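Read off the chains here:
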Amino acid sequence: MTIPDLYSGISAAGTHPLRGELRQHEPMQRHVSWRAGGSVDYFYQPADLEDLAIFLRSWPEDKPVAMIGLGSNLLVRDGGLPGVIICLHAKLNDLVLVEQDEQGGLVYAGAGIPCAKLARFAASHHLAGAEFLAGIPGTVGGALAMNAGCYGSDTWSLVERVTTIDRRGMVCERQPEDYRIGYRHVALHETVVSGTPDIWFTGGWFRLLPGKAEASRQAVKALLTARIKTQPLGHPSAGSVFRNPPGDHAARLIEQCSLKGFRIGDAMVSTLHANFIINCGHATAAEIEAVIDTVRDTVHRKTGISLIPEVRIIGQRKGSAQ
């Protein structure tokens, strides 16, 4: 299937024309924070939510679909990825103060809004509770999907309700009670899944407390300063690679196993923060994945603890059958 085939198929079906941008054989290293990995067959940036729904309804049912924001928790293997990746960053970008009174306020943020932008927006409107989001290197959609958090706070503690879209292009509003929510884990209860396992967040409403703009801005500034001091922000990475096991920290376990500085090619365990794997130059996805596997295997062998990756690894290894 070519790009003209898809557009002509939509036109023949009598639907509205696509208004987003569709590209073929797009190198995913341009769109993931590790700056490594293979290409995807098709890459789509929708114009808005309506355009996204049209695209999903028009995309062949037998071809895979994945969605990303800033690509901050994603690794695409060097052999590439079939199907389409839909990029929501800066596309589903509504950011609205819905209501505000002496009890606080309600903010709607689209899935493509960077978490740090939501934190700053809340602070500027004298709302508190979202400051920690400045430390999340991704978008609202990704934060909702994995219950992202840091410094003792997590995304779903703020969520009042969300909007989703499924593989058929159907948009739905859902409540927190529709989900099983845990540490870096969010999943719909089986009783509310409606026919397709492919459902993505398109935005959410966040209930925040009253605060003071300057105090919130200072809290955000302090958090960002702490990140600069403790995380290797000068090199491409995906943030924390592993979830913290109950009652412990992945970084402490990795350091305990003398893995700081462990390196395969240009992929290395950071010497500043052991739960970061950085791209020191031209790392391949295979090198990054090999470091992840070595760290996980070594920690398990030496401590008996199985580290669970936070990052998603998708696609095919180079040389494997397509």
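A brief look at the structure comes next.

A short note on the overall build of the protein
Stage number 1. When helices and strands are counted, the protein shows seven helices and 19 strands.
Stage number 2. Expected size for 322 residues packed as a compact globule is a radius of gyration near 20 Å; at 20 Å, the protein falls within 12% of this value.
Stage number 3. Here the protein holds 322 residues, and the buried ones make up 49% of them.
Stage number 4. Considering only intrachain contacts with a sequence separation of at least 6, the fraction spanning at least 24 residues in the protein is 64%.
Stage number 5. If you average the places of the 32 positive and of the 32 negative side-chain charges in the protein, the two averages end up 6 Å apart.

Details of the sheet that holds strand β1 (residues 21-27)
Stage number 1. Reading across the sheet, the four strands line up as β1-β2-β5-β3 and stay open at both edges, with mixed pairing between neighbours. In this open sheet, the two strands that pair with only one neighbour each are β1 and β3 (65-68). Direction aside, the axes of adjacent strands within the sheet are offset by 30° on average.
Stage number 2. Against the sheet, helix α2 (residues 49-58) engages β1, β2 (39-45), β3 and β5 (81-87), with an angle of about 165° to β5.

Quick notes on the pairing of strand β14 (residues 185-188)
Stage number 1. Strand direction decides the pairing type here: strand β13 (residues 179-182) and β14, joined by four bridges, are antiparallel. Counted as the bridge partner of G182 is H185 from β14.
Stage number 2. The turn joining β13 and β14, which pair antiparallel and follow one another in sequence, is formed by two residues; a positive phi near 55° is taken by R184.

Considering the pattern of salt bridges
Stage number 1. Under the counting rule described, the total for this entry stands at 18 salt bridges.
Stage number 2. R30 is paired through a salt bridge with E26; the nearest N and O atoms lie 3.5 Å apart.
Stage number 3. Among the residues examined, E26 registers a relative accessible area of 4% and is labelled buried.
Stage number 4. Taken together, the shared-partner salt bridges connect E99, E160, R161, E173 and R207 into one network.

About the criteria used
- Residues numbered from 1 in each chain as written.
- Predicted model: local features only at pLDDT ≥ 70, side-chain atom pairs only at ≥ 80, totals over all residues.
- Heavy atoms only, no water.
- Helix = DSSP H or I, 4+ residues; strand = E, 2+ residues; numbered from the N terminus.
- Rg over C-alpha atoms; globule rule 2.2 N^0.38 Å.
- Buried < 20%, exposed > 50% of the residue type's maximum accessible area, 1.4 Å probe, protein only.
- Contact = heavy atoms within 4.5 Å.
- Lys, Arg positive; Asp, Glu negative; His and termini not counted.
- Charge placed at Lys NZ, Arg CZ, Asp CG, Glu CD.
- Pairing = 2+ DSSP bridges.
- Axes fitted to C-alpha atoms, helices over the stretch in contact; angles between N-to-C directions.
- Salt bridge = Lys/Arg side-chain N within 4 Å of Asp/Glu carboxyl O.

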